[in-house]
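Letter by letter, the chains look like this.
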Amino acid sequence: MAEAKADKAKKPGWGTLARSLRNPKSGYMALFGFASGLPFALFLGTLYAWLSEAEVELETMGVFSLIGLAYAFQFLWSPLIDKVSIPGFRKLGRRKQWIVPAQILLGVILIALSLSNPTNEAIGWFSLLAGIGALASATQDIAINAWRIDVADEEATIDILSTVYQMGYRLAALVGGALGLIIAARIGWPQTYLMMGAILLVIGIAGLFAPDSKAGENVDGTIDDELLLSLRRKGELKPTVRAKALGAVGLLWAVAIGTVLTFMYMSLAFPPEERPNPTEFTLNYGPWIIVATVVIPALIAGWLASKKERGQYVMTEDLPERAGQSFAMDHLYRALVMPLVEFVGRMGWSLVLILSLVLTYRICDAIWGTFAYPFYLGELQYTNDEVAFASKFFGVGAIIAGLAIGGYLLTAIGRMATLTLGALIAALTNLLYADMAAGGANMQAASDAIGFSALIGFMAPFGSEALPRLTFTIMWENLAIGIAGAAYVAWLSSIVSKKYSAVQYALLSSLTLLVGTLGRGALGEMIEKQGYYDVFILTTLIGMLAVVLCVFEWIRVVRSGRSQNAPPPGSEAVAAQ
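What you see is a predicted model; the values in this text were computed from it and never measured.

Visitor: So what's going on with the overall build of the protein chain? Which residues, and what values?
Guide: Helix and strand counts for the protein chain come out as 27 helices and zero strands. When the 577 residues of the protein chain are sorted by exposure, 53% land in the buried category.

Visitor: Account for the confidence of the model for the protein chain, with residues named and values stated.
Guide: Per-residue pLDDT for the protein chain has a mean of 85; in total, 87% of the residues score no lower than 70. Below pLDDT 50 for its whole length, residues 1–11 participates in four contacts with residues either more than four positions away or in separate chains. Throughout residues 572–577 the model reports pLDDT below 50, and contacts reaching past four residues in sequence, or to other chains, amount to seven contacts.

Visitor: With reference to specific residues and values, describe helix α7 (residues 96–114).
Guide: With 19 residues, α7 should reach 27 Å at 1.5 Å per residue; the first-to-last C-alpha distance of 27 Å fits that figure. The element α7 is largely enclosed, with a buried count of 14 among its 19 residues.

Visitor: Before we move on, could you go through the pattern of salt bridges and cite the residues and values that matter?
Guide: Where charged atoms from two side chains of opposite charge come close, those side chains can pair. Taken as a whole and assessed by the stated rule, the structure comprises 11 salt bridges. Note that Lys-25 and Asp-153 form a salt bridge whose closest N and O atoms lie 2.7 Å from each other. In this pair, Lys-25 sits in helix α3 (residues 24–53) while Asp-153 sits in the loop between α8 (123–151) and α9 (158–176), placing the two residues 128 residues apart along the sequence. Assessed through its relative accessible area of 15%, Lys-25 is described here as buried. Taking relative accessible area as the criterion, Asp-153 reaches 28% and is therefore assigned partly exposed. Arg-95 is the partner of Asp-82 in a salt bridge, and the nearest nitrogen-oxygen pair spans 2.9 Å. Linking Asp-82 in helix α6 (residues 78–83) with Arg-95 in the loop between α6 and α7, this pair joins segments that are 13 residues apart in sequence. Here the salt bridges share partners, and the residues they tie into one network are Asp-82, Arg-94, Arg-95 and Asp-150.

Visitor: Outline unusual backbone geometry, listing residues and values.
Guide: The phi torsion at Tyr-313 lies on the positive side, around 55 degrees, for a residue other than glycine. Residue placement: Tyr-313 occurs in the loop between α14 (278–310) and α15 (325–336). By relative accessible area, which is 43% here, Tyr-313 ends up partly exposed. The phi dihedral of Gln-381 is positive, around 65 degrees, even though this residue is not glycine. With respect to the secondary-structure elements, Gln-381 resides in the loop between α19 (372–379) and α20 (384–412).

Visitor: How would you summarise the nonpolar core if you had to cite specific residues and measurements?
Guide: If you look at the biggest cluster of nonpolar residues, it comprises 89 residues, and the most contacted ones within it are Phe-75, Leu-304, Tyr-333, Leu-419, Trp-491 and Ile-495. Aside from chain neighbours lying at most four places away, what touches Ile-495 is Phe-343, Arg-346, Met-347, Ile-354, Leu-508 and Pro-569.

Visitor: Report on the packing of α3 against helix α11 (residues 189–206), specifying residues and quantitative values.
Guide: Put simply, α3 and α11 touch, their axes get as near as 11 Å, and they point 160 degrees apart. Comparing the axis directions of α3 and α11 gives the class roughly antiparallel. Judged by the twist between their axes, the crossing of α3 over α11 is left-handed. Contacts from Tyr-28, Leu-31, Phe-34, Ala-35, Leu-38, Pro-39, Leu-42, Thr-46, Leu-47, Ala-49, Trp-50 and Glu-53 in α3 reach Trp-189, Pro-190, Tyr-193, Met-196, Ile-199, Leu-200, Ile-203 and Ala-206 in α11. Class assignment of the residues belonging to the contact of α3 with α11 gives a composition of 18 nonpolar, one polar and one charged.

Visitor: An account of helix α23 (residues 452–459) is needed here, citing residue identities and associated values.
Guide: Listed in full, the buried residues belonging to α23 are Phe-452, Ser-453 and Ile-456. Taken end-on, α23 shows its buried residues confined to a sector of 100 degrees, consistent with a single buried face. Turned more than 90 degrees from where α23 packs its buried face, Ala-454 and Phe-458 sit exposed. Residues of α23 that are buried sit in contact with α20, α22 (441–449) and α24 (467–494).

Visitor: Break down a nonpolar patch on the surface for me, with residues and values.
Guide: There is a patch of nonpolar side chains on the surface, built from Leu-428, Leu-431, Tyr-533, Ile-537 and Leu-541 and spanning about 430 Å² of accessible area. A per-element tally of the nonpolar patch places helix α26 (residues 532–560) first, with three residues. Mapped onto the elements, Ile-537 comes out in helix α26. With a relative accessible area of 30%, Ile-537 lands in the partly exposed category.

Visitor: Can you explain the packing of aromatic side chains? Please cite residues and give values.
Guide: Considering all chains together, one arrives at 28 aromatic pairs under this definition. With 4.7 Å between their ring centres and 50 degrees between their planes, Phe-375 and Tyr-532 make a pair best called tilted. With Phe-375 in helix α19 and Tyr-532 in helix α26, this residue pair connects regions lying 157 residues apart in the sequence. Ring pairing ties together the aromatic residues Phe-73, Phe-75, Trp-253, Phe-263, Phe-281 and Tyr-285, which thus form one cluster. In this structure, Arg-148 packs its charged tip against the face of Tyr-165, placed 5.0 Å from the ring centre.

Visitor: Give a detailed account of the environment of Leu-194, specifying residues and quantitative values.
Guide: For Leu-194, the location among the structural elements is in helix α11. Given a relative accessible area of 39%, Leu-194 falls into the partly exposed group. Residues Leu-194 and Leu-110 lie 84 residues apart in sequence; the distance between their C-alpha atoms is 6.4 Å. With near-sequence residues (within four places) excluded, Leu-194 lies in contact with Ile-111 and Ser-114.

Visitor: Could you give an account of the environment of Ala-35, naming the residues involved and the relevant values?
Guide: Take Ala-35: it is sitting in helix α3. Considered as a pair, Ala-35 and Ala-172 are 137 residues apart in the sequence and their alpha carbons are 7.4 Å apart. Leaving out residues up to four positions away in the same chain, Ala-35 has contacts with Gln-103, Gln-140, Leu-200 and Ile-203.

Visitor: Can you break down the packing of α8 against α9 residue by residue, with the values?
Guide: At a minimum axis separation of 9 Å, α8 and α9 run at an interaxial angle of 150 degrees. With respect to α9, the axis of α8 lies roughly antiparallel. Of the two elements, α8 crosses α9, and the hand of that crossing is right-handed. In this structure, α8 contributes Ile-144, Asn-145, Arg-148, Ile-149 and Val-151 to the contact, and α9 contributes Ile-158, Leu-161, Ser-162 and Tyr-165. Tallied by class, the residues present in the contact of α8 with α9 amount to six nonpolar, two polar and one charged.

Rules used in this analysis
- Residues numbered from 1 in each chain as written.
- Predicted model: local features only at pLDDT ≥ 70, side-chain atom pairs only at ≥ 80, totals over all residues.
- Heavy atoms only, no water.
- Helix = DSSP H or I, 4+ residues; strand = E, 2+ residues; numbered from the N terminus.
- Buried < 20%, exposed > 50% of the residue type's maximum accessible area, 1.4 Å probe, protein only.
- pLDDT = per-residue confidence, 0-100.
- Contact = heavy atoms within 4.5 Å.
- Expected span 1.5 Å × (residues − 1).
- Salt bridge = Lys/Arg side-chain N within 4 Å of Asp/Glu carboxyl O.
- Core = buried A, V, L, I, M, F, W, Y, C linked by side-chain atoms within 4.5 Å.
- Axes fitted to C-alpha atoms, helices over the stretch in contact; angles between N-to-C directions.
- Parallel < 35°, antiparallel > 145°, perpendicular 65-115°, else oblique.
- Left-handed = near helix turned anticlockwise from the far one by under 90°.
- Nonpolar A, V, L, I, M, F, W, Y, C, P; charged D, E, K, R; others polar.
- Arc of directions from axis to C-beta.
- Patch = residues over 30% accessible without salt bridge, like charges linked within 9 Å, V, L, I, M, F, W, Y side chains within 5 Å.
- Areas by Shrake-Rupley, 256 points an atom, 1.4 Å probe, with all protein chains shown as cover.
- Phe/Tyr/Trp six-rings, centres within 6.5 Å; stacked < 30°, edge-to-face > 60°.
- Lys NZ or Arg CZ within 6 Å of the ring centre and 35° of its normal.

Spelled out as C-alpha cells, the structure:
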C-alpha cells in the first residue's frame, strides 16, 4: 500500500504541481516575480500618467524614455552579476547580494519620488531618481533570473519556478499599472508611489530569508577560483590564444557600452531639439549591439571550443597557479568569454537550432505589441475604456490563467510537449485577429454562442455591442501567451548552465530585442500597404515555423538522453546522473 501511494505521488500532474508549489522556494519566487514586475510597470507606464497630470512638457518627458534602455540592454552588465561580489553583502548569498539591496534601493527610490515634485523646474532630480531606479530594477531582473535557475531542483522544478515567477510578474503589472491609476485617482500620486515603495521594502526584507548558494560558490559546489585555476591546467587553451579572444570580445563589448553611454549623455546634456530619438536609437543601433555582444562573441567561442576539442593551441604543461599577467586576464576571460565557450561547447551544432527557436518563438508578441493599440483604437475604433477593460483587466486575468494551465501542462505532459503546444496555439490565435480585421463576424458568433457576450455586457455596461468580440479574442490570445510563456521561460532556463546562469540567460533573452527592432519597421510598412488582415496571416505562418523548430528541438532533447523536465546543466541532480 505504501509503495502504491509513493508511485502515485510521483506521477506527473496535479500532485507534482502541488508539491512544487508547497516548496518555500516557490513562495519566494512569487515575491521576486512581483518585485521584478512592479518597478517595470511604475517606471515605464504609470510614471508617464503622473508626469502628464503634473503638466510636464512632452520634450522633457522624452528624457524618461531613456529608462527603457536600462531594460533593453541589461545584459551589458550581466557579467558583473555572475562574477563580482558586493563588499558588505557577500553573506547574503551569491544572488541575494544583488537582489536584496536592489529591492531595498527601489523601495527607497519610490518613497523618494513620492516626496518629490515632478514639475518642469524640478524634473532633474526626479528624472535622476527614476533613472537610478530603472538601473536597479534591471539589475534585480538579471539576478532574479539567475536565482531561479540556481535554486531549481527536483522538488522545486525549474518549470514551476518559471511559471510562478511570471504569475508574480503579471500580477505586479496589473497592480502597478491599471490598479495604480485607480488608486492614484483616489489618494493621489505621491501616496500611491509611497505605498508601492513600502511593498518593495517589505519584499526586500522577506528576501533575506530566501535560500541561496554562498557568494563566490557555484551551485555544484565548485568555487569561482577553482574555475580560474582550471584554465591554467594542461590541455586548456594557451593564454595567448585566450588573450586574443578576450581582446576581441572585450573591444566589442566596450564599443557597445560606449555607444549606449554616449546616447544617454546626448539625451541628458543636449538641448531638446538636438537630442537623439530613443526609438530610432533602439531600432538602428539595438540589433548591432546584439550582434557585437552576442553573435560575434558566440562565433569566437565556437572557434575556441573547436580548437580545444581538436587539441590545437593547448598547453602541454600546467602554468603557475597565481603568477603572471595571464592570471589577471583570466578573471576577465571568466566573466566575458567562458559563459559563451561553455554554452557553445556544450551545444555544438545544436546551437543553430536553439538560436533559431529563440529568435522565432516569441516573434509575434515582440513585434505585435507596438501595433496593438493602433489596431484596437484606430482600425477597430474602440474607446480607451473598452481597450483598457479588454486588454488590462480581463486580459491580464487571462494571461495568469494561461500561466496556471501552462504550469500544469509542464508537469503533466512535459516541457517540450508544452513548448510545442504553446507555439501552436499562439500562432493560431493570430487567425482570430485576422477575423477581427475582416469584421469580427466569427468572433462575435462564437462569443454569442457560449454566452460570453452576455457576461461582458453585465461586467462592462459602458461598452459597445462590439466589446465582447474584442474581449473574447484577447482572452484566447492571452491564454495562449500564458501557456507559451510558461513553457518558453522554463525551456530557456533549462538550457543554460548554473555556473554562468546570469550571463547566458541574459544574452539569450536579449535576442528578443533583435527580433522586435528588426521586425517592427517591416511590419509597419506592410500594414500601411496591405492592411492588418494580411499581416495576421503572415504572423501565423511565422508562428508555425516556431512550431516546426520546437519539434526539432524536442527530437534533439530526446536523442541527447536527458529528460525533457531535467534540471538546468550544472545542478547536483544532473551531476548525479
